[in-house]
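Chain by chain, the residues:
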Amino acid sequence: MNYWLFKSEPFKFSFDMLKAKGKEGTQWDGVRNYLARNNMRAMQIGDLGFFYHSNEGLEVVGIAEVCALAHHDTTTEDPRWECVDIRAVRDVPKPVTLVDVKANPKLAKMALVTSMRLSVQPVTADEWREVCRMGGLDLAP
């Protein structure tokens, strides 16, 4: 299993909006960064990701699951752009803020700290466990 972080501005697409999509989920479209696209190409069905509200809130608010492998992004005709489908798994009981992430030495190398603008980021297993712990989740492997 691999872990990821998906960033979205909540006024455009929030975790509540993802939850409303149900088990079917939705495509994580509109990504126009090659590294973020390549991260999606590396995803496998069942991989988990933090859902992070950017610009407003600046916090990890939920857990999402990859439910479809990388495929053409239907919001563009350009064949270079692909996306995965994700669905909501659960809320984070205590949202984990960017301030808290930056203050935690165990997360100093996390992409959320070092590559803040990247919209789809890898998360290591240790980072996953630590953010889950901070958020009051006991589902960390």
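To be clear, the structure that these remarks concern was listed above.
Residues numbered from 1 in each chain as written. Predicted model: local features only at pLDDT ≥ 70, side-chain atom pairs only at ≥ 80, totals over all residues. Heavy atoms only, no water.

(A) Just the pairing of strand S3 (residues 48-53), in detail. For S3, a buried count of 6 out of 6 residues is recorded, marking the element as mostly surrounded by other parts of the structure. Of the two faces of S3, the one lined by Leu48, Phe50 and Tyr52 and the one lined by Gly49, Phe51 and His53 are each fully buried. Relative to S3, strand S1 (residues 3-8) runs parallel, the two sharing 6 bridges. By the bridge assignment for S3, tryptophan 4 is matched with glycine 49. Inspection of the sheet shows S3 paired to strand S4 (residues 59-72) by 6 bridges, in the antiparallel sense. For leucine 48, the partnering residue across the bridge sits in S4 and is glutamate 65. Between the antiparallel neighbours S3 and S4 lie 5 residues, among them asparagine 55 with a positive phi of about 65°. (Buried < 20%, exposed > 50% of the residue type's maximum accessible area, 1.4 Å probe, protein only. Helix = DSSP H or I, 4+ residues; strand = E, 2+ residues; numbered from the N terminus. Pairing = 2+ DSSP bridges.)

(B) Region of interest: helix H5 (residues 125-134). Three or more residues of H5 are buried, namely Glu127, Trp128, Glu130, Val131, Cys132 and Met134. As for H5, its buried residues are in contact with S1, S3, S4, strand S5 (82-97), helix H3 (98-103) and strand S6 (120-123). (Contact = heavy atoms within 4.5 Å.)

(C) Spotlight on the side chain of glutamine 121. Residue position: glutamine 121 is located in strand S6. Separated by 3.0 Å, the side chain of glutamine 121 and the backbone nitrogen of leucine 112 make a polar contact. A polar contact is formed between the side chain of glutamine 121 and the backbone oxygen of serine 115, at a distance of 3.1 Å. Ignoring any residue separated from it by four or fewer positions in sequence, one finds glutamine 121 in contact with Tyr3, Trp4, Leu5, Lys7, Asn39, Ala111, Leu112, Ser115 and Met116. (Polar contact = N/O pair within 3.5 Å; in protein donor to acceptor, adjacent residues only side chain to side chain.)

This is a description of form; function is not addressed.
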